[in-house]
Protein chains: 2
Amino acid sequence: MKTPKRTTIYDIAKKLNLNASSVSRALNNSGNVSEVTKKLILKTAKELNYKQNSLASNLRKGHNQTIGVIVPRVNQNFFANVIAGLEEVTYQKGYNLIICQSNESHAREVKCVNTLINQHVSCIIISVSADFEDDTHLRNIQENGIQLIQFDRVDDNLETFKVLNDNKQASEDAVTHLIAQGYQRIALLEGPQNLNIFKERKEGYLSALRKHNYPILPELMKENAWTKELSAAATKKLLNMAHPPDAIFASTSDFSALGVLEVATNMGIKVPAELGICGYSNEAFTEITSPSITTVDQYSVSMGKTIANLYFQEIKSDNKDAIPKIVSIKPKLIIRSSTLRNKDEQRI
Amino acid sequence: MKTPKRTTIYDIAKKLNLNASSVSRALNNSGNVSEVTKKLILKTAKELNYKQNSLASNLRKGHNQTIGVIVPRVNQNFFANVIAGLEEVTYQKGYNLIICQSNESHAREVKCVNTLINQHVSCIIISVSADFEDDTHLRNIQENGIQLIQFDRVDDNLETFKVLNDNKQASEDAVTHLIAQGYQRIALLEGPQNLNIFKERKEGYLSALRKHNYPILPELMKENAWTKELSAAATKKLLNMAHPPDAIFASTSDFSALGVLEVATNMGIKVPAELGICGYSNEAFTEITSPSITTVDQYSVSMGKTIANLYFQEIKSDNKDAIPKIVSIKPKLIIRSSTLRNKDEQRI
DNA sequence: TTGTACGCGTTATCAC
DNA sequence: GTGATAACGCGTACAA
């Protein structure tokens, strides 16, 4: 595809017997141009259907009004919402968003980082892939003078701006709620512990148990149960134990919680009377399962907005190197039928 | 933020007492460079942490390895999936994706188009906003020598590449299925008729009725019922009629179907025995409602891939102006409990 | 095989 | 207020 010739500021200048620099000034409202010529320039620019070439402009100006985003998957609810929030704010500021997905692969994440560096984006916003290995690519971002904001899944060891959910607190709240509902043996479905978010959720679980003098039972903690299928399998094992749990906290996602619910239903176990179930993420479907599922809302859209605002307000505006700041958003426990056994009749 | 100086091909050239053009050739594998110097160049490029400046490269080459995408909302399941599919293919080809959302606003859509034109993207992939007014902005894309692919919601009058779902056929299948299940008075929840997709779905509905010699009853067709709330309201009116429908085809979305289901449940109407419900889009939750909801799967991820492949295989490669082609993807009716009243016991 | 010279479209810095 | 010129970083025809 050969791109046909577009009209440039030279074309406009030539037509008006002016100089290109005057045209540039007029179009950018910069420097001095007389009102008359300015109007003339704007008029003929419209006539010739002039469109600025951002490539040239950005090259000359040495920066790019573009922000890169890297997420594991763009069609995962949480990330899609964060991106929606990001786009909302960046659009207002006249910035563009380049979106990449790592597909949970570290190797691909590294490639994404490199293309974004090549693109001279002014900031990279990232949530790392599940098989996070090392952070040389992230350091590379900083070495190239590009701002870096990590969110949700982050590398704790690297000092950058971070926007996080308070996973530990949210998990503690969830488990505390289960305890308050009288559940005695509360199981945990964990995600990969190399990811901060799953580690923190486990900590919250442990912390709640300790605070209420509940025993910590390793046989009730299942590793890597972070898909619907994996958690269904783990649930079967749990519920077939001699002393099965009477509640399961699917800390990885609502899909895991759904797996738990399906297994329980198939086994004829009553939820929430015989088994309490709590998920994580507040996916749309948790509201309409029967029973509806208690879960944690992460305010994903507003998280995206927070991230973007952090960039525009604290990072970009700051001419000195700003001190990497950590913003923590407190998620909200949404209590629904799947854990409300005191008011079992009340189906929400 | 001042971007610190990055290493350029000049820096590499200077260090090796070479010329920048040799460095360029070596890095791009273009032209002739001796193996020795090439290795030397690649080595020092790595040492100096050289990163290409895509801005400069693209400016020089006159084209941009970037594709722009405009959708109403990035966090709507269907669009998120299409984007995921798009990204999958474009990533393989070394292309970047710039994502914009129109927020269902025509004015904003126009602005998005303009920034993408400024960015010199090589292609714009768009699904138009609900308040589609006119197509001057789309024509503008073409006038600027940028390829244009419309998908799903398109402007029929404009001759461009299009990737569509066969909405009419899918709707006809759905309604035919309802008829086969013995439903007699089948209502339709419509979306805004200025959008092709909703118009086509209505046509499919009408066509199925005609083919089976069913009467077409205007009182059973509700306009603009395209959110959960709107369709719940429409459903209430329908079910309170003297002769209420015994089936409702929520042609706008599964969320509408969910609204129908909730209203029916609250009114004590049995689904599917007394009321059949069919949605559209195959949202994840349709599988787990009780009863599960019959719906139409649009193959959204693979639609994204199809669009991208269309660009790379047919449009980009073609040096002559390719003739705008319309690709139609046949959606698939997914039959679930909400319309299966012959085998009512079988809860899927 | 390597070097020279120029231009992509824009903006910044001069001078007038 | 306007014009001339250089430079952003790169790729490419051409010459050596």
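Basis of the calculations
- Along each chain, numbering runs from 1 in the same order as the chain's sequence is written.
- Chains and ligands are labelled sequentially in the order written, the chains with letters from A and the ligands with numbers from 1.
- With pLDDT at 70 or above as the cut-off, local features in this predicted model cover only qualifying residues; side-chain atom pairs require 80 or more to be listed or tallied, and sums for whole chains, interfaces and linings still use all residues.
- Only hydrogens and water are removed before side-chain values are computed, so all heavy atoms of the structure are retained for them.
- What makes two strands pair is DSSP finding at least two bridges between them.
- Helical segments are the DSSP runs of H or I of at least four residues, strand segments are the runs of E of at least two, and each set is numbered from the N terminus.
- By definition in these notes, contact holds between two residues if any of their heavy atoms fall within 4.5 Å.
- For helices, the fitted line uses only the C-alpha atoms of the stretch in contact; every axis is such a line through C-alpha atoms, and the angle between N-to-C directions lies from 0 to 180 degrees.
- Working definition: residue near molecule or strand if any one of its non-hydrogen atoms lies within 4 Å of it.
- N or O atoms closer than or at 3.5 Å make up a polar contact, with two conditions inside protein: a donor-capable atom paired with an acceptor-capable one, and, for residues adjacent in sequence, both atoms drawn from side chains.
- The residue classification treats Ala, Val, Leu, Ile, Met, Phe, Trp, Tyr, Cys and Pro as nonpolar and Asp, Glu, Lys and Arg as charged. All others, Gly included, are polar.
- Domain delimitation follows an automatic or database domain assignment.
- When the copies are overlaid, the least-squares fit takes in C-alpha atoms only where the residue has pLDDT of at least 70 in both copies.
- Buried residues of nine kinds, namely Ala, Val, Leu, Ile, Met, Phe, Trp, Tyr and Cys, make up a nonpolar core once their side-chain atoms join them within 4.5 Å.
- Remark: exposure states derive from per-residue accessible area (1.4 Å probe, protein chains only) relative to the maximum for the residue type, with buried under 20%, exposed over 50%, and partly exposed in between.

- Going by the annotation in an unreviewed UniProt entry, the name recorded for chain A is LacI family transcriptional regulator, with Pedobacter cryophilus given as the source organism.

## Focus on the sheet that holds strand β8 (residues 247–250) of chain B
All names here are of chain B.
Here's step 1: Overall, parallel pairing links the 4 strands, which are arranged β7-β6-β8-β9 in an open sheet. Whereas interior strands pair on both sides, the edge strands pair on one side only; in this sheet they are β7 (221–222) and β9 (276–278).
Here's step 2: The sheet contact formed by strand β6 (residues 186–189) and β8 spans 4 bridges and is parallel. By the bridge assignment for β8, Leu189 is matched with Ala250.
Here's step 3: Along the sheet, helix α8 (residues 167–180) makes contact with β6, β8 and β9, crossing β8 at roughly 165°.
Here's step 4: Along the sheet, helix α11 (residues 254–266) makes contact with β6, β8 and β9, crossing β9 at roughly 160°.

## Things to note about the protein's contact with DNA strand C
Here's step 1: In the region of DNA strand C, 25 residues are neighbours, and Ser24, Tyr50 and Arg60 of chain A together with Asn19 and Arg60 of chain B sit closest.
Here's step 2: A breakdown of the atoms of DNA strand C within 4 Å of the protein gives sugar and phosphate a share of 60%.
Here's step 3: Separating a base nitrogen of DNA strand C from a backbone N or O atom of Ala56 of chain A is a distance of 3.5 Å.
Here's step 4: Ser34 of chain B has a polar backbone atom sitting 2.9 Å from a phosphate oxygen of DNA strand C.
Here's step 5: Looking at the surface near DNA strand C, the elements that each hand over two or more residues are α1 (9–15), α2 (20–28) and α4 (54–61) of chain A together with α2 (20–28) and α4 (54–61) of chain B.
Here's step 6: Here the element with the most residues in the surface near DNA strand C is α2 of chain A; it accounts for 4 residues.
Here's step 7: Here the residues of the surface near DNA strand C sort into 7 nonpolar, 14 polar and 4 charged.

## Describing the domain arrangement of chain A
Here's step 1: Segmentation of chain A into domains returns domain 1 (9–52), domain 2 (64–165 + 299–329) and domain 3 (167–298 + 333–339).
Here's step 2: Computed over C-alpha atoms, the centres of domain 1 of chain A and domain 2 of chain A are 37 Å apart.

## Details of the sheet that holds strand β8 (residues 247–250) of chain A
Sheet strands line up and pair through hydrogen bonds in the backbone, either parallel or antiparallel.
Residues and elements named next belong to chain A.
Here's step 1: If you walk across this open sheet you meet the 4 strands as β7-β6-β8-β9, and the pairing is parallel. Since the sheet does not close on itself, it has two edges, and those belong to β7 (221–222) and β9 (276–278), each with one partner.
Here's step 2: Its contacts with the sheet place helix α8 (residues 167–180) against β6 (186–189), β8 and β9, and it is angled at close to 165° to β8.
Here's step 3: Seen against the sheet, helix α11 (residues 254–266) touches β6, β8 and β9 and runs at an angle of roughly 160° to β9.

## Focus on the relation of the copies chain B and chain A
Turning one copy of the chain about an axis and sliding it along that axis gives the other copy, so a rotation and a shift relate them.
Here's step 1: Rotating chain B by 180° and moving it 0.0 Å along the rotation axis overlays it on chain A with an RMSD of 0.1 Å. Taken together, these values place the two copies in the relation of a two-fold axis.

## As for the nonpolar core
Here's step 1: If you look at the biggest cluster of nonpolar residues, it comprises 58 residues, and the most contacted ones within it are Ile149 and Phe151 of chain A together with Ile149 and Phe151 of chain B.
Here's step 2: Dropping the residues within four chain positions of it, Phe151 of chain B is found in contact with Val71, Phe78, Phe79, Val82, Ile125, Ile126, Ser127, Val163, Met303 and Ile307 of chain B.

## A few points about the protein's contact with DNA strand D
Here's step 1: Taken together, 25 residues lie around DNA strand D, and Asn32 and Ser34 of chain A together with Ile9, Tyr50 and Arg60 of chain B are the ones closest in.
Here's step 2: Counting only atoms of DNA strand D within 4 Å of the protein, the fraction found in sugar and phosphate groups is 58%.
Here's step 3: In the model, a phosphate oxygen of DNA strand D is placed 2.9 Å from a nitrogen or oxygen of the Thr37 of chain A side chain.
Here's step 4: Here a phosphate oxygen of DNA strand D sits 2.8 Å away from a polar atom, N or O, in the main chain of Ile9 of chain B.

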